[in-house]
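# Fold and geometry: a report
The chain contents come next:
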Amino acid sequence: MKKRLLSVLTTALLCSSVYAATLPPLKSDSEPDRTDWTQLESKYGPMPKVDAKLKIGGVSKTLTNEYWRSLGEGYQNVAKKYGFTVAYQAAANEDDQLGQLSIAETLIAQGFNGLLVSPQTDINLEPALESASSKGIPVVNVNDAVVPSAQYYVGNVQKDNGARVAKWFIQHHPQGGKVAVIEGQPGVYAAGQRTAGFKETLQANGKFNIVASVPANWSREQAFNAASTILQQHPDLIGFYANNDTMALGVVEAVSAQNKSKQTAVFGTDGISDAYASIKRGELTGTVDSFPVLTGEVATEVILRLIAGQKLSRVVTTPQALITKDNAEAFSTKDNDKLRQLLAQQ
């Protein structure tokens, strides 16, 4: 298995150099060719007519994480609205890179008209993107890991996730203090950017000491273990930032187990329902919600425009908001139109 994975990743790198020959490597946070999600209609006009015979494939990292299930819900919302087909599939877990690649390649072979992909790493789906490109099938990279050769990307500004949390610490702890980061999967663009946004913002402030920054691979158990060790080494720690909510909830358990809940703030990223519930109970301090249902809807609207022949910006940015006990109720609304209005006003 390891030899096969190494072979596929080597092939992916070779594919990347060919497929990306006409495009600079995509850095979604800083790509200048970008459009905000609120400007799609004003910039490109109303949605084109949608053929009900269209088949769109969604390739997710995993369905064990609520974020990715919610993203798929967004895809299905648009499919129901216009009457076309969406097939949303995912790998068995967040480490099944070959399984995810197989799903993408199968959808291409089955003649799907477009793909919405959320890669497990920045390179594991490169062969599928090259294959889709050769067949004229549009592909949109949706959030999280960023394929350097991707022609289109829909998602939030990853660096801003960490920066928003850092600004909370600066505001609520003007004297500074010790903090730690629980990182996602090493080598994944989103994880690196979220961590960088947090660290750079605090370092610019000059009053905070980042005493640890360790990967927990999106795992609640690994995050619990890492946080437990960090708290033992630094009992005066004032806060954690975790690259996703699953890990943040593991950190909350570690903080509670060491009776540090009043002293040590914990923030996550994604805005899953368990995070909202924990915030409302006064456990998790906050999360940066990136609104996966809305992101899925925007990504589907983007690929429908591409299939219709529209030329769009390489990056379409989606919203995010720092959620704490102060605003958790307002952002918990199930009214999609109300949520869109609330986010458009930010």
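Residues numbered from 1 in each chain as written. Predicted model: local features only at pLDDT ≥ 70, side-chain atom pairs only at ≥ 80, totals over all residues. Heavy atoms only, no water.

### Side note on the UniProt feature "domain: Periplasmic binding protein" (unreviewed entry) in the protein
Under the UniProt annotation, the feature "domain: Periplasmic binding protein" (unreviewed entry) is placed at residues 57–311. Between the C-alpha atoms that bound residues 57–311 there is a distance of 20 Å. The span itself is 48% helix and 20% strand. (UniProt positions renumbered as here; feature names shortened; annotations may be inferred. Helix = DSSP H or I, 4+ residues; strand = E, 2+ residues; numbered from the N terminus.)

### Observations concerning the packing of helix H6 (residues 158–172) against helix H7 (residues 189–205)
Here H6 crosses H7 at 35°, and the two axes come no closer than 6 Å. Between H6 and H7 the crossing geometry is right-handed. Of the residues in H7, those in contact with Gln158, Lys159, Asn161, Gly162, Ala163, Val165, Ala166, Lys167, Phe169 and Ile170 of H6 are Ala190, Gln193, Arg194, Ala196, Gly197, Phe198, Glu200, Thr201, Leu202 and Asn205. Looking at side-chain class alone, the contact of H6 with H7 contains nine nonpolar, seven polar and four charged residues. (Axes fitted to C-alpha atoms, helices over the stretch in contact; angles between N-to-C directions. Left-handed = near helix turned anticlockwise from the far one by under 90°. Contact = heavy atoms within 4.5 Å. Nonpolar A, V, L, I, M, F, W, Y, C, P; charged D, E, K, R; others polar.)

### Comments concerning the side chain of Ser278
Residue placement: Ser278 occurs in helix H10 (residues 273–280). For Ser278, a relative accessible area of 1% translates into the label buried. In this structure Ser278 touches Leu249, Glu283 and Leu284, once residues within four positions along its chain are discounted. (Buried < 20%, exposed > 50% of the residue type's maximum accessible area, 1.4 Å probe, protein only.)

### Section: the pattern of salt bridges
Two side chains bearing opposite charge may form a pair once their charged atoms approach each other closely. Summed over all chains, the structure comprises eleven salt bridges. The shortest N-O distance in the salt bridge between Lys159 and Glu200 comes to 2.9 Å. With Lys159 in helix H6 and Glu200 in helix H7, this residue pair connects regions lying 41 residues apart in the sequence. Taking the relative accessible area as the measure of exposure, Lys159 reaches 28% and is therefore partly exposed. For Asp160, the salt bridge is made with Arg164, and the minimal N-O distance between the two is 2.6 Å. Taken as a pair, Asp160 and Arg164 lie in helix H6 at a separation of four residues, close to a single helical turn. (Salt bridge = Lys/Arg side-chain N within 4 Å of Asp/Glu carboxyl O.)

### A short note on the pairing of strand E11 (residues 286–289)
Neither face of E11 is left uncovered, since the one carrying Gly286 and Val288 and the one carrying Thr287 and Asp289 both have all their residues buried. Both strand E10 (residues 265–270) and E11 contribute to a ladder of four bridges, which runs parallel. Note on E11: the bridge partner recorded for Gly268 is Thr287. Of the pairings in the sheet, the one linking E11 to strand E13 (residues 321–323) comprises three bridges and is antiparallel in character. In the strand pairing of E13, Thr287 is matched with Ile323. (Pairing = 2+ DSSP bridges.)

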